[in-house]
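Understanding the architecture of this molecule
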Amino acid sequence: MSYLDDLFSLKGKIAVVIGGTGTLCGEMALGLAKAGATVAIVGRSEAKAAEKLRQIADAGGQAYFISADVTARTSLEGLLEQVVAKSGRVDILVNGAGVNAATPILDITDEEFARILDVNLGAILRSCQIFGAHMLENGGGSIINIGSISGLGPLSRVFTYSASKAAVHNLSKNLAREWATQKVRVNTLVPGFFPAEQNRKVLNESRVAAIMGHTPANRFGEPHELIGATLLLASENAGSFITGIEMIVDGGFAAMSI
Ligand SMILES: NC(=O)c1ccc[n+]([C@@H]2O[C@H](COP(=O)([O-])OP(=O)(O)OC[C@H]3O[C@@H](n4cnc5c(N)ncnc54)[C@H](OP(=O)(O)O)[C@@H]3O)[C@@H](O)[C@H]2O)c1
């Protein structure tokens, strides 16, 4: 085995990528599969998963789709059962289901606030409880929760989303502390701005200009640029002492003041 394989290979590992039907986590799923993991792509839409499964198969990787709705605890419990039945265990979990809205602050309804909090935050707690217990029993694992730069400092127009992501960062650190000695690592992957389905409606012309003015790299990220960070956090060799961090991949956005 080469030096790099020893550090980063995920051969024989089983990864569950919740939100893998979407833009960013779909690409992370492809990266995990290319590094050797067998990947369960999870979301509600089988149609959206099909293209990702094809890309992974074309790259010589192993993946399958399992439908789950993160708003239901029973659905996540069923997901773990199905993956264990198919693959025996789970070593890596990506929690990436996410929803967004650009409602002005005085117009946010209780229903909208609760719905976004439930998908972006409640689901992460449920999933970490269910898969975390499994990993603790198995002697270890890596959980990668998807945060956001809006979780580091509030971002205008996406009030509920920002609050939910800030809580994801906080929850992830808390879980990291709880489970560190039992080799279950919990980290937050923090993407900057990447055009995707859930933020399309927020990215109008003036918003894009404001983002570019605050991004030293002066461009959006491309989904494949999350793969390196994903593999580092996923690998029990390369990432063995990394837990409780916010891994920022943002072209310098979070480093900027004025
Ligand atoms: N794009 C960015 O710039 C950016 C920046 C920072 C953080 N993020 C975060 O990155 C993650 C991925 O987002 P993305 O930008 O790639 O958006 P996306 O393409 O819209 O993907 C989000 C995925 O979440 C899944 N999802 C939503 N509700 C679900 C539910 N109830 N149950 C199961 N799955 C559900 C959807 O899958 P189905 O439709 O198949 O259910 C969808 O594929 C999110 O957590 C997002 O907040 C994105």
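Across the sheet, seven strands lie side by side as E3-E2-E1-E4-E5-E6-E7; this open sheet has parallel pairing. At either margin of the open sheet sits one strand with a lone partner, and together these are strand E3 (62-67) and strand E7 (246-249). In this sheet, neighbouring strand axes are inclined to one another by 20° on average, regardless of whether the strands run parallel or antiparallel. When strand E1 (residues 14-18) meets strand E2 (residues 38-43), the two strands line up parallel, connected through five bridges. Among the inter-strand pairings, Ile14 is bridged to a residue of E2, identified as Thr38. Strands E1, strand E4 (92-95), strand E5 (141-146), strand E6 (184-191) and E7 of the sheet are contacted by helix H8 (residues 227-234), whose axis makes an angle of about 145° with E5.

Among the six residues that make up E5, six are buried, leaving the element largely enclosed by the rest of the structure. By the bridge criterion, four bridges tie E4 to E5 in an arrangement that is parallel. Bridge pairing in E5 links Ile92 to Ser142. Read from E4 through helix H5 (residues 110-138) to E5, the crossover connection turns out right-handed. Sheet topology places E5 next to E6; six bridges connect them, and they run parallel. Each residue of the ladder has a partner; that of Gly141, found in E6, is Val184. The parallel pair E5 and E6 is bridged by helix H6 (residues 159-179), and the resulting crossover is right-handed.

On to the site of the ligand, then. In the vicinity of the ligand lie 28 residues, with Gly22, Gly43, Arg44, Gly98 and Ala196 positioned nearest. For the shell around the ligand, the element with the most residues is helix H2 (residues 23-34), which contributes three residues. Residue classes in the shell around the ligand are distributed as 12 nonpolar, 12 polar and four charged.

The contact between H5 and H6 brings their axes to 9 Å, and the two run at 15°. Between H5 and H6, the angle falls in the class roughly parallel. By crossing handedness, the relation of H5 to H6 is classed as right-handed. Two secondary-structure elements touch here, H5 through Glu112, Phe113, Ile116, Leu117, Asn120, Leu121, Ile124, Leu125, Cys128, Gly132 and Leu136 and H6 through Thr160, Tyr161, Ser164, Lys165, Ala167, Val168, Leu171, Leu175 and Trp179.

Rules of the game
Residues numbered from 1 in each chain as written. Predicted model: local features only at pLDDT ≥ 70, side-chain atom pairs only at ≥ 80, totals over all residues. Pairing = 2+ DSSP bridges. Helix = DSSP H or I, 4+ residues; strand = E, 2+ residues; numbered from the N terminus. Axes fitted to C-alpha atoms, helices over the stretch in contact; angles between N-to-C directions. Contact = placed C-beta atoms within 7 Å. Buried ≥ 20, exposed ≤ 12 C-beta atoms within 10 Å, placed from the backbone. Right-handed = clockwise from strand over helix to strand, strands pointing away. Near = placed C-beta within 6 Å. Nonpolar A, V, L, I, M, F, W, Y, C, P; charged D, E, K, R; others polar. Parallel < 35°, antiparallel > 145°, perpendicular 65-115°, else oblique. Left-handed = near helix turned anticlockwise from the far one by under 90°.

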